[in-house]
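The lines below spell out each chain.
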Amino acid sequence: MPGWVQQGYDEYAKRMPKECDLVLKEIMPGKRGKNSDVARIVRDEGERMIQAVPAKTHIVTLDIPGKPWTTPELSVAMKRWMESGQNVALMIGGPEGLADSVRDQARESWSLSKLTFPHPVVRILVAEQLYRAWSILHNHPYHR
């Protein structure tokens, strides 16, 4: 990723308190070519994504058909996640989306928008929205 992506993500990740530590785990995408078996590539990516998630983790997919939460609704979800005591994994698919196996493991699905965003922007946007949701829960002035 370009340096500006890492800087943007890091800016919001470092603002999060320890109880909401953001950990980015990148899964290498499958190699795509002119005659690639895209269905197999997506399945393989999904398997690698699931393997990267510890047992008993609350999985939330980021997917266009998911629920289009407002920021206050995200803060309610965040509060629920924190109170559950479980780790939460936000799963973002590759260029062709999420594997069915990942969707099947998810307990919730969140839609950022009906628009399609480039992956570099998504990681910054999600980190910022999580920080904003946390700021709502703690009456921090960031969310005005």
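Just so we're clear, the structure is a prediction, and the values are computed from it rather than from any experiment. (Residues numbered from 1 in each chain as written. Predicted model: local features only at pLDDT ≥ 70, side-chain atom pairs only at ≥ 80, totals over all residues. Heavy atoms only, no water.)

*Asks:* I'm lost on the overall build of the protein chain in this one. Help?
*Replies:* A tally of helices and strands in the protein chain yields five helices and three strands. Listing each helix as α and each strand as β along the protein chain from the N terminus yields α-α-β-α-β-α-β-α. Each of the three principal axes of the protein chain carries a C-alpha extent, and together these read 50 × 35 × 25 Å. By residue count, 38% of the 144 residues in the protein chain fall in the buried class. Taking contacts inside the protein chain between residues at least 6 apart in sequence as the whole, the part at least 24 apart equals 76%. Charge separation in the protein chain, taken as the distance between the mean sites of 20 positive and 17 negative side-chain charges, equals 2 Å. (Helix = DSSP H or I, 4+ residues; strand = E, 2+ residues; numbered from the N terminus. Buried < 20%, exposed > 50% of the residue type's maximum accessible area, 1.4 Å probe, protein only. Contact = heavy atoms within 4.5 Å. Lys, Arg positive; Asp, Glu negative; His and termini not counted. Charge placed at Lys NZ, Arg CZ, Asp CG, Glu CD.)

*Asks:* How do you make sense of the packing of aromatic side chains when you look at a structure like this?
*Replies:* For any pair of aromatic rings, geometry is given as the distance between the ring centres together with the angle between the planes. Within the structure shown, the criterion is met by six aromatic pairs. Both rings, one in tryptophan 69 and one in tryptophan 81, keep their centres 6.1 Å apart while their planes meet at 55°; by these two values the pair is tilted. Here tryptophan 69, found in the loop between β1 (58-67) and α3 (71-84), pairs with tryptophan 81, found in helix α3; they are 12 residues apart in sequence, far enough to count as distant. Joined through ring pairs, the aromatic side chains of Tyr12, Tyr131, Trp134 and Tyr142 make up one cluster. (Phe/Tyr/Trp six-rings, centres within 6.5 Å; stacked < 30°, edge-to-face > 60°.)

*Asks:* How do you make sense of α3 when you look at a structure like this?
*Replies:* Residues that lie three or four places apart on an α-helix share one face, since the helix turns once every 3.6 residues. Over its 14 residues, α3 runs 20 Å from end to end, which matches the ideal 20 Å to within 8%, given 1.5 Å per residue. Along α3, the positions that sit buried rather than exposed are Thr71, Leu74, Ser75, Ala77, Met78 and Trp81. Along the axis of α3, the buried positions cluster into a sector of 160°, meaning they face one direction only. Facing away from the buried side of α3, by more than 90 degrees, are the exposed residues Val76 and Glu83. (Expected span 1.5 Å × (residues − 1). Arc of directions from axis to C-beta.)

*Asks:* Quick question: what am I supposed to make of unusual backbone geometry here?
*Replies:* Note on backbone geometry: most residues besides glycine have negative phi, and most peptide bonds are trans. Its identity as a non-glycine residue notwithstanding, lysine 56 has a phi of 65°, on the positive side. Take lysine 56: it is sitting in the loop between α2 (38-51) and β1. Accessibility expressed as a relative area gives 74% for lysine 56, which makes it exposed. Here the phi dihedral of asparagine 139 falls at roughly 50°; this positive angle occurs in a residue that is not glycine.

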